[in-house]
Amino acid sequence: MTKKKIIFVYNAKGGKWNYILDTAHKYASPSTYECNLCQITHDLKMRKPWRNYIDSSPHELRFLHLEELEDFGLNDYKDQLPICLEEINGKYEILISKQEMNEYKSEFDLINSLNDKL
């Protein structure tokens, strides 16, 4: 198996303060929360099945937040978040689109989809 470079981009800002605000928003008004990747993989902390998947993956997984797009040359995707990309020879291809990501109901849907694609 070839080790792949997979990048997940949350539709949320990083940092402790943003984490607190996002967590409150998720619980207070889940229907208006705009990051399903966050919604399905985190409660007050990362969900254990997702953590186990990340820890056991043979691939290089990277997680970025909204404000990091520019640092990685990913500004073209800012209206398509959350998203999962694969870096191939310095170029990015969409592995899981915003639309597909938003259809997942749990971390298991995401894990199963990744297993099928990778």
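The structure displayed is predicted, hence computed values, not measured ones.

(A) Examining the pattern of salt bridges more closely. Under the definition given, this model contains three salt bridges. One salt bridge connects Glu107 with Arg47, and the closest N-O pair in it is separated by 3.1 Å. In this pair, Glu107 is assigned in helix H5 (residues 107–117) and Arg47 in the loop between helix H2 (36–41) and helix H3 (48–56), connecting sequence segments 60 residues apart. Where Glu100 meets Lys117, a salt bridge forms, and the shortest distance between an N and an O atom there is 3.3 Å. Residue Glu100 is located in helix H4 (residues 98–103), and its partner Lys117 is located in helix H5; the two are separated by 17 residues in the primary sequence. Given a relative accessible area of 33%, Lys117 falls into the partly exposed group.

(B) Representation of the sheet that holds strand S4 (residues 91–96) within the structure. Read from one edge to the other, the open sheet built from four strands follows the order S2-S1-S3-S4, with strand pairing classed as mixed. In this open sheet, the two strands that pair with only one neighbour each are strand S2 (60–64) and S4. Neighbour-to-neighbour, the strand axes of this sheet turn through a mean angle of 30°, independent of strand direction. Of the strands in this sheet, strand S1 (5–9), strand S3 (83–88) and S4 touch H5, which is tilted by about 125° from S4.

Each value, and the rule that gives it
- Residues numbered from 1 in each chain as written.
- Predicted model: local features only at pLDDT ≥ 70, side-chain atom pairs only at ≥ 80, totals over all residues.
- Heavy atoms only, no water.
- Salt bridge = Lys/Arg side-chain N within 4 Å of Asp/Glu carboxyl O.
- Helix = DSSP H or I, 4+ residues; strand = E, 2+ residues; numbered from the N terminus.
- Buried < 20%, exposed > 50% of the residue type's maximum accessible area, 1.4 Å probe, protein only.
- Pairing = 2+ DSSP bridges.
- Axes fitted to C-alpha atoms, helices over the stretch in contact; angles between N-to-C directions.
- Contact = heavy atoms within 4.5 Å.

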